[in-house]
Amino acid sequence: MSNTFSELGLSEPILRALASCGYHEPTPIQAKAIPLILQGKDIIGAAQTGTGKTAAFALPTLQRLETHTGTPRCLVLVPTRELAVQVEENFKRYGEHAGLSITLLYGGVSYGPQVRSLANGTDVVVATPGRLLDLWGQHKLRLDKIEVLILDEVDRMLDMGFIDDVSKIINLCPKERQTLLFSATVEKSILNIAKWALREPEIVDVRSGATSAETVAHYIYPVESYQKYELLLALLEKTAFKSVIVFTRTKRDADRITEWVESTQHPVTTMHADRSQRERQEALAGFKSGKYQVLVATDIAARGLDVRGISHVINYNVPDHPEDYVHRIGRTGRASEEGEAFTLFSPDEIPHLHAIEHLLGRQIERRKLEGFKYRFEPLMTDSPSASARPAGGLRRRNR
Ligand code: AMP
């Protein structure tokens, strides 16, 4: 595999941008995908965030687009606004010397600036499906000159119910095009799309048995559900973290936990779908800049977010979907930084935990927080007799 970006066939303006980003060598997905994309091949990239997949598709695409024409020739479809913002930032950074225009389209904000950006002439459109179709319906953009269609985090787009919109958008693009599909999981529904939307795709799989980033140490903390709150605060108190994301299942939990954390020393903010786009951006910017040390977020923030230097992730609930676990703990330990992820696990969540361990192909280490006053003794192993217990692995200490 090539050890340098220039060996992959990337051109001088791109190499210069990479040097100013401080990237020294390609990640595995970049090393595998970039030469194929430069050759014009369709690919299915099986990779989660944190692997460098954005650069893997952005770098060769910028190179292939070459010069500014002012008509959209590349469309990147993404599931969430946050991911759209990040992908656009990446295109801008990598295309610093390429002279191409990039437009960002997502819902929840006014149309004016987006319409103006389109009217000024753009080469690359990064969009969420709803707003894109909306603007297309208003004849504000054309898709008939798209040469490269990039579908990012397709698994998530399907989870979010975007299948019809995504299919419609694919059909609005010219048949003669290059299509790059990225997904953290490659199950049947993904392959079904690939079958009709891609042409003889090469599969580039950099998942190591669907395991999470190797630099992340992750642990399960068994606890009764009514003690989760105390355990969360105790973990925050006893852990030397730089920055931590706390993931919750519901928006209500996110708000409640934010209030609890506010009562501690840690500056905290929150991010979920009920907050306005402006509030979400402020939360993310504040978290990135270090103004907030703790970000409490629902799953919407779990995928795609690229926040450097997060030292810890805490799952307040065991995620319902095993893939979400991988995504969530993928928020930390990015680009070979060390990270830790803790999951608070209560007895009613045992099926979810088993699903995650099944996906990972191994058991996740159970931990007990020393010095924490557990009301019930947490059971640290899942022996067959233990998992048969109705309490799901927790044993009473004092009956
Ligand atoms: P992604 O998987 O696209 O979300 O990228 C994860 C993170 O890795 C981002 O912060 C990128 O800026 C960073 N990154 C991507 N490629 C490289 C590379 N070759 N060397 C170092 N960092 C990289």
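Residues numbered from 1 in each chain as written. Predicted model: local features only at pLDDT ≥ 70, side-chain atom pairs only at ≥ 80, totals over all residues. Heavy atoms only, no water.

1. Some remarks on the packing of helix 3 (residues 53-65) against helix 4 (residues 81-94)
Move 1: The N-to-C vectors of helix 3 and helix 4 enclose an angle of 45°; their axes lie 10 Å apart at closest approach. In terms of axis orientation, helix 3 runs oblique to helix 4. When you trace helix 3 past helix 4, the crossing you get is right-handed. Residues T54, A55, F57, A58, L59 and L62 of helix 3 pack against V87, N90, F91 and Y94 of helix 4.
Move 2: Tallied by class, residues from the contact of helix 3 with helix 4 come to 8 nonpolar, 2 polar and no charged. (Axes fitted to C-alpha atoms, helices over the stretch in contact; angles between N-to-C directions. Helix = DSSP H or I, 4+ residues; strand = E, 2+ residues; numbered from the N terminus. Parallel < 35°, antiparallel > 145°, perpendicular 65-115°, else oblique. Left-handed = near helix turned anticlockwise from the far one by under 90°. Contact = heavy atoms within 4.5 Å. Nonpolar A, V, L, I, M, F, W, Y, C, P; charged D, E, K, R; others polar.)

2. As for the sheet that holds strand 4 (residues 124-127)
Move 1: Pairing in this open sheet of 7 strands is parallel, and the strands run 3-4-2-5-6-1-7 from one edge to the other. The strands lining the two open edges of the sheet, one partner per strand, are strand 3 (102-105) and strand 7 (202-205). For this sheet, the mean angle separating the axes of adjacent strands, direction not counted, is 15°.
Move 2: Across 4 bridges, strand 1 (residues 43-46) lies against strand 7 in parallel orientation. Across the sheet, the residue bridging to G45 is V204, located in strand 7.
Move 3: In the packing of helix 9 (residues 188-197) onto the sheet, the strands contacted are strand 1 and strand 6 (178-183), and the crossing angle to strand 6 comes to about 175°. (Pairing = 2+ DSSP bridges.)

3. A few points about the pattern of salt bridges
Move 1: The tally for this structure, following the rule as stated, stands at 21 salt bridges.
Move 2: Across the pair D320 and R249 runs a salt bridge, and its minimum N-O distance is 3.1 Å. Note that D320 is positioned in the loop between strand 12 (312-315) and helix 13 (322-329) and R249 in the loop between strand 9 (244-248) and helix 11 (251-262), a separation of 71 residues in sequence.
Move 3: The class for R249 is partly exposed, based on a relative accessible area of 37%.
Move 4: One network of salt bridges, with partners in common, ties together K228, R249, D320 and E349. (Salt bridge = Lys/Arg side-chain N within 4 Å of Asp/Glu carboxyl O. Buried < 20%, exposed > 50% of the residue type's maximum accessible area, 1.4 Å probe, protein only.)

4. Structural notes on the packing of aromatic side chains
Move 1: Overall, the coordinates contain 9 aromatic pairs when judged by the stated rule.
Move 2: Measuring from ring centre to ring centre gives 4.9 Å for F372 and Y374, while their planes differ by 80°; the resulting arrangement is edge-to-face. Each member of the pair, F372 together with Y374, is buried.
Move 3: Here a set of aromatic residues connected by ring pairs shows up, and it is made of F57, F91 and F182.
Move 4: Lying over the aromatic face of Y111, R131 brings its terminal NZ or CZ to 3.8 Å of the ring centre.
Move 5: One Lys or Arg, K228, reaches over the ring of Y316 and ends 5.6 Å from the middle of that ring. (Phe/Tyr/Trp six-rings, centres within 6.5 Å; stacked < 30°, edge-to-face > 60°. Lys NZ or Arg CZ within 6 Å of the ring centre and 35° of its normal.)

5. Quick look at the pairing of strand 6
Move 1: For strand 6, the buried fraction is high: 6 of the 6 residues fall into the buried class.
Move 2: Residues Q178, L180 and F182 line one face of strand 6 and the alternating positions T179, L181 and S183 line the opposite face, and both faces are buried.
Move 3: Judged from the 4 bridges that link them, strand 1 and strand 6 form a sheet pairing that is parallel. Considered in strand 6, the bridge of I43 is made with L180.
Move 4: When strand 5 (residues 148-151) meets strand 6, the two strands line up parallel, connected through 4 bridges. Pairing of L149 across the sheet is with T179, part of strand 6.

6. Examining the nonpolar core
Nonpolar side chains in soluble globular proteins generally cluster together in the buried interior.
Move 1: One finds F57, L59, V76 and F91 to be the most contacted residues of the largest nonpolar core, which totals 39 residues.
Move 2: Of all the elements, helix 3 adds the most residues to this core, at 7 residues.
Move 3: By size, the runner-up hydrophobic cluster in this structure holds 29 residues, among which are V125, L132, M157 and I193. (Core = buried A, V, L, I, M, F, W, Y, C linked by side-chain atoms within 4.5 Å.)

7. Looking at helix 8 (residues 163-172)
Move 1: Every buried residue of helix 8 is listed here: V166, S167, I169 and I170. Buried residues of helix 8, viewed axially, fall in a sector of 165°; they line one side. Exposed side of helix 8, more than 90 degrees from the buried face: D164 and N171 are the residues found there.
Move 2: Here the buried face of helix 8 lies against strand 2 (74-77), helix 6 (129-137), strand 5, helix 7 (154-159) and helix 9. (Arc of directions from axis to C-beta.)

8. Re the side chain of D155
Move 1: Counting through the fold element by element, D155 comes out in helix 7.
Move 2: Judged by its relative accessible area of 3%, D155 falls in the buried class.
Move 3: A distance of 3.4 Å separates the side chain of D155 from the backbone nitrogen of A184, its partner in a polar contact.
Move 4: Of the polar contacts made by the side chain of D155, one reaches the backbone nitrogen of T185; its length is 3.5 Å. (Polar contact = N/O pair within 3.5 Å; in protein donor to acceptor, adjacent residues only side chain to side chain.)

9. A look at unusual backbone geometry
Move 1: You will see that E66, though not glycine, has its phi angle at about 65°, which is positive.
Move 2: Structurally, E66 can be placed in the loop between helix 3 and strand 2.
Move 3: At H139, a position not held by glycine, the phi torsion is positive, near 60°.
Move 4: Counting through the fold element by element, H139 comes out in the loop between helix 6 and strand 5.
Move 5: Accessibility expressed as a relative area gives 73% for H139, which makes it exposed.

10. Brief notes about the pairing of strand 11 (residues 294-298)
For a regular strand, side chains alternate in direction, first toward one face of the sheet and then toward the other.
Move 1: With 5 of 5 residues buried, strand 11 lies mostly within the body of the structure.
Move 2: When strand 9 meets strand 11, the two strands line up parallel, connected through 5 bridges. Within the sheet, the bridge partner assigned to V244 lies in strand 11 and is V294.
Move 3: Relative to strand 11, strand 10 (residues 268-271) is paired through 4 bridges, and the arrangement is parallel. Bridge pairing in strand 11 places T269 opposite L295.
Move 4: Of the crossover connections in this fold, the one passing from strand 10 over helix 12 (residues 277-289) to the parallel strand 11 is right-handed. (Right-handed = clockwise from strand over helix to strand, strands pointing away.)

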